[in-house]
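# Notes for the structure review
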Amino acid sequence: MQPALAPVSASPAAPAGPGPSRDELVELLRIRPARALGMAALHLGVWGLAGVGLAHVSGFWLKLPLWLLAAQGVMGLIQLDHDAWHDTLFPRPWQNRLFGNGLSLLVGIAYEPMRHDHLAHHRWNRTEKDPDAYNAGRRSPGLWALFYATVLLGLPLSLVYFNVLYPVQHFDAARLRRHARVLLGYGAFYALLFWLLAGHGLLGGAVECWLLPVLFASPLNGLKSISDHHANVWRGDRFHTATTVRSTRLVTFLWNGLNHHLDHHLYPRVPGYNLARLHARLRPVLLARGAPVFDSYLHVMWRALLAGPIVVEEDVRLVTLERKRP
């Protein structure tokens, strides 16, 4: 079934001005399942390798680099999950959902609310209806507190937001019932898993090798999130409501190309690993329009962190999205 909310540019319509040709676009839209599986194996392998190291060292300062390495594995998987939300990781929708739900079991955050939220974000980006506009509103201590809390603790807070608050606000009755069944399944899975781990004396190891890497990944994911929409214009045109940071080839590879976030918003059906090629084609257009395009992630992250949320002069009340059946 089609999602209740779809990206604004779900079809591969090109932005005004020179862009990829039809033949180029066909190639850019090509989905490579082997690439996705290989990247998933790489990130899981990094996470697992760090876990093996954690099991054999003691002391905070020896464990810290291994936690950070494991966190990078978590971060890479999150970027792949993003493509699954768009059905661009694998050719079949059910394959993307299978991958997304499998990852959700690793982090405890339900897949469907995240997907619903993200597609709505594309549809209403940088407007009152954008469910991801946690970083915009009237000047207040609460706005700044929410901004920095989301940056530093976004993944733990997402457990409450996506598992409870977002579905209650945006799901119809039928979808809410399905979501409740999913959460019951999660509860049964974790109860059994932790019971088995505790029975074998592995609960402490699971916290160190599994839960703490997710916690360490949260600030990095939060910094990327605010960088993706740094120096944007509230209610701006499509060239000024997302940000591209070219960064290094290694970052582009590990983050599945999603540092090219503006390019992704312009062409959301292009898989992340093709976004660097797309950006090379679009770059003259973006620069000519004065779009937010940068070359240093550290610079953008630091500037975004200092800048804080977007302060909107008029009263911004996020409008509950229309509830629809899938």
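Cut-off values and rules
- Residues numbered from 1 in each chain as written.
- Predicted model: local features only at pLDDT ≥ 70, side-chain atom pairs only at ≥ 80, totals over all residues.
- Heavy atoms only, no water.
- Salt bridge = Lys/Arg side-chain N within 4 Å of Asp/Glu carboxyl O.
- Helix = DSSP H or I, 4+ residues; strand = E, 2+ residues; numbered from the N terminus.
- Buried < 20%, exposed > 50% of the residue type's maximum accessible area, 1.4 Å probe, protein only.
- Axes fitted to C-alpha atoms, helices over the stretch in contact; angles between N-to-C directions.
- Parallel < 35°, antiparallel > 145°, perpendicular 65-115°, else oblique.
- Left-handed = near helix turned anticlockwise from the far one by under 90°.
- Contact = heavy atoms within 4.5 Å.
- Nonpolar A, V, L, I, M, F, W, Y, C, P; charged D, E, K, R; others polar.

Looking up the chain in an unreviewed UniProt entry gives the name Fatty acid desaturase domain-containing protein, with the organism given as Corallococcus exiguus.

## Focus: the pattern of salt bridges
Applying the stated criterion to the full structure yields ten salt bridges. Across the pair Lys63 and Glu208 runs a salt bridge whose closest N-O atoms are separated by 2.9 Å. Here Lys63, found in helix α3 (residues 60–85), pairs with Glu208, found in helix α8 (residues 203–227); they are 145 residues apart in sequence, far enough to count as distant. Residues Arg115 and Asp87 are paired through a salt bridge, measuring 3.4 Å at the closest nitrogen-oxygen approach. Of this pair, Arg115 sits in helix α5 (residues 111–123) while Asp87 is found in the loop between α3 and α4 (93–107), placing the two residues 28 residues apart along the sequence. For the pair Arg115 and Asp87, one class covers both residues: buried. Via salt bridges that share partners, Asp87, Arg97, Glu112 and Arg115 belong to a single interconnected network.

## Things to note about the packing of α4 against helix α7 (residues 173–199)
Between α4 and α7, the least distance of the axes is 11 Å, while the angle of their chain directions is 50°. Of the possible angle classes, the one that applies to α4 and α7 is oblique. The crossing of α4 and α7 is right-handed. Within the contact between the two elements, α4 uses Asn101, Ser104, Leu105, Leu106 and Val107 and α7 uses Tyr186, Phe189 and Tyr190. Across the contact of α4 with α7, the residue classes break down as six nonpolar, two polar and no charged.

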